[in-house]
Amino acid sequence: MSSARPHSSARESLRSSRPALGLAVCLAALALAGCQGRGLGDVTGSIGRSSQASAPRTASDWQGDRETWAKRYDANPKDRDAAFYYARALRSLDQNAQAMAVLQNAVLVHQDDRELLGAYGRSLADNGRLREADEVLSRAHSPERPDWRILSAQGTVADQMGEHARAQQIYQTALRLAPNEPTIMSNYGLSLALSRNLPEAERVLAEAAASDRADARVRQNLVFVLGLQGRFGEAETLARRDQSPAEAAATIAYLKRSVSQQNSWELLKGGKGRGPSQSRQPLAGGAGSAPAAAPPA
């Protein structure tokens, strides 16, 4: 169930252009328009000031961004911005191990840079190093200066570790800082779904989806939860807001098959399924950004 790069629709690829990201649980790995393989927290968006810079939105854009920042980084690996943006491009292209290495070096040089710490924490989560990610993210902000984006990313990590009650407490704290923020609510709703509290998950996601700030990832997460409850007609109607009729039909057909499996809840927790479409268009979020059913965003 990101990004702080709203655990996302499954990992952002339930993003408008990456339909199903999710929490690195790719919570909706089962789902929708394709479970994105990115780590978590992409639904939560980028962390910090660097996220305000315009970001590429297509694979070719990200590749160009990677080449541009790689040259600057190679010229001076201690260049803070070069490291941040180079890692962001690498992460967006699913080059997660390399992104983590870049950020690991950067935080050694810029030890007090909390934005870099947030990006590094997310990158650790992308690479499955969840306990380390949890610890690093906890240092990326402070009780005196809490950051809802970091909190949302921490929640997605907790969900991936199976600590859903703790994750939900974290999301509630984040919502006190940013009331009605649809990205937090999307991650919170997916966490409730992982806890099998589907009615409450639906309520939270419906409220998030009603926001003017909600994007396709949030709506696709709601599609996912409606499908888990067997309400496929409602799910398909909602899916058509962001997908063609054929794509929406394929999404619902996949959900029907997944829900009918006896191990559908294990698939939900493990993110082992894949949706009918596996388009992997990178999300515009940034390395400082993880659920979406995924995400992870």
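Residues numbered from 1 in each chain as written. Predicted model: local features only at pLDDT ≥ 70, side-chain atom pairs only at ≥ 80, totals over all residues. Heavy atoms only, no water.

A. Just the overall build of the protein, in detail. Helix and strand counts for the protein stand at 13 helices and zero strands. For the protein, the N- to C-terminal ordering of α and β elements is α-α-α-α-α-α-α-α-α-α-α-α-α. Looking at the protein as a whole, 62% of its 297 residues qualify as buried. Accessible surface for the protein amounts to roughly 11,200 Å². Of this, 46% is attributable to carbon and sulfur atoms. (Helix = DSSP H or I, 4+ residues; strand = E, 2+ residues; numbered from the N terminus. Buried < 20%, exposed > 50% of the residue type's maximum accessible area, 1.4 Å probe, protein only. Areas by Shrake-Rupley, 256 points an atom, 1.4 Å probe, with all protein chains shown as cover.)

B. Structural context of the pattern of salt bridges. Enumeration over the complete set of coordinates arrives at 21 salt bridges. Among the salt bridges present, the one from E163 reaches R131, with a minimum N-O distance of 3.0 Å. Placement of the pair is E163 in the loop between α6 (148-160) and α7 (164-177) and R131 in helix α5 (residues 130-138), with a sequence separation of 32 residues. The class for E163 is partly exposed, based on a relative accessible area of 22%. (Salt bridge = Lys/Arg side-chain N within 4 Å of Asp/Glu carboxyl O.)

C. View of α6. With 13 residues, α6 extends 18 Å from end C-alpha to end C-alpha; this agrees with the ideal 18 Å at 1.5 Å per step. Burial analysis of α6 places eleven of its 13 residues in the buried class, the great majority of the element. If you check which residues of α6 are buried, you get W148, I150, L151, S152, A153, Q154, G155, T156, V157, A158 and D159. Against α4 (114-126), α5, α7 and α8 (182-194) lie the buried residues of α6. Put simply, D147 is the residue that caps the front of α6, since its side-chain oxygen is 2.8 Å from the backbone nitrogen of R149. Of the residues flanking the end of α6, it is G162, one or two places downstream, whose phi is positive at about 85°. (Expected span 1.5 Å × (residues − 1). Contact = heavy atoms within 4.5 Å. Polar contact = N/O pair within 3.5 Å; in protein donor to acceptor, adjacent residues only side chain to side chain.)

D. Main features of the packing of α6 against α7. One can describe the packing of α6 onto α7 by two numbers: an axis separation of 8 Å at closest approach and a directional angle of 165°. Of the possible angle classes, the one that applies to α6 and α7 is roughly antiparallel. Where α6 crosses over α7, the two elements pack in a sense that is left-handed. Of α7, the residues touching α6 (which contributes W148, L151, S152, Q154, G155, T156, A158 and D159) are H164, R166, A167, I170, Y171, T173, A174 and L177. Taken together, the residues that form the contact of α6 with α7 break down as eight nonpolar, six polar and two charged. (Axes fitted to C-alpha atoms, helices over the stretch in contact; angles between N-to-C directions. Parallel < 35°, antiparallel > 145°, perpendicular 65-115°, else oblique. Left-handed = near helix turned anticlockwise from the far one by under 90°. Nonpolar A, V, L, I, M, F, W, Y, C, P; charged D, E, K, R; others polar.)

E. Quick peek at the nonpolar core. Judged by nonpolar contacts, the single largest core of 36 residues is most densely connected at I184, V223 and V225. Every element with two or more residues in this core is listed here: α6, α7, α8, α9 (198-209), α10 (216-228), α11 (232-239) and α12 (245-260). Sorting elements by how many residues they give to this core places α10 first, with seven residues. Counting 31 residues, the second largest nonpolar core, distinct from the first, contains L90, A99, Y120 and L124. (Core = buried A, V, L, I, M, F, W, Y, C linked by side-chain atoms within 4.5 Å.)

F. View of the environment of S152. Here S152 is to be found in helix α6. By relative accessible area, S152 is classed as buried at 0%. With 20 residues separating them along the chain, S152 and Q172 place their C-alpha atoms 9.4 Å apart.

G. Broad picture of the packing of aromatic side chains. By the definition in use, this model includes four aromatic pairs. On the numbers, 4.8 Å between centres and 25° between planes, the contact of W69 with Y85 is stacked. Linking W69 in helix α1 (residues 59-75) with Y85 in helix α2 (residues 80-92), this pair joins segments that are 16 residues apart in sequence. An aromatic cluster of at least three residues, connected via ring pairs, comprises W69, F84 and Y85. (Phe/Tyr/Trp six-rings, centres within 6.5 Å; stacked < 30°, edge-to-face > 60°.)

H. Main features of the environment of N197. Tracing the sequence through the fold places N197 in the loop between α8 and α9. Among the polar contacts listed, one links the side chain of N197 to the backbone nitrogen of E200, at a separation of 3.4 Å.

I. Geometry of the packing of α4 against α6. Between α4 and α6, the least distance of the axes is 11 Å, while the angle of their chain directions is 20°. On the basis of their axis angle, the class for α4 and α6 is roughly parallel. With respect to the hand of their crossing, α4 and α6 are arranged in left-handed fashion. On the side of α4, the interface is formed by G118, R122 and A125, while α6 contributes R149, I150, A153, V157 and Q160. For the contact of α4 with α6, the class distribution of residues is four nonpolar, two polar and two charged.

J. Region of the structure containing the confidence of the model for the protein. Confidence along the protein averages 77 in pLDDT terms, with 69% of residues attaining 70 or more. Throughout residues 1-53 the model reports pLDDT below 50, and contacts reaching past four residues in sequence, or to other chains, amount to 421 contacts. This stretch, residues 271-297, has a pLDDT under 50; its non-local contacts, to residues over four places away or in other chains, come to 218 contacts. (pLDDT = per-residue confidence, 0-100.)

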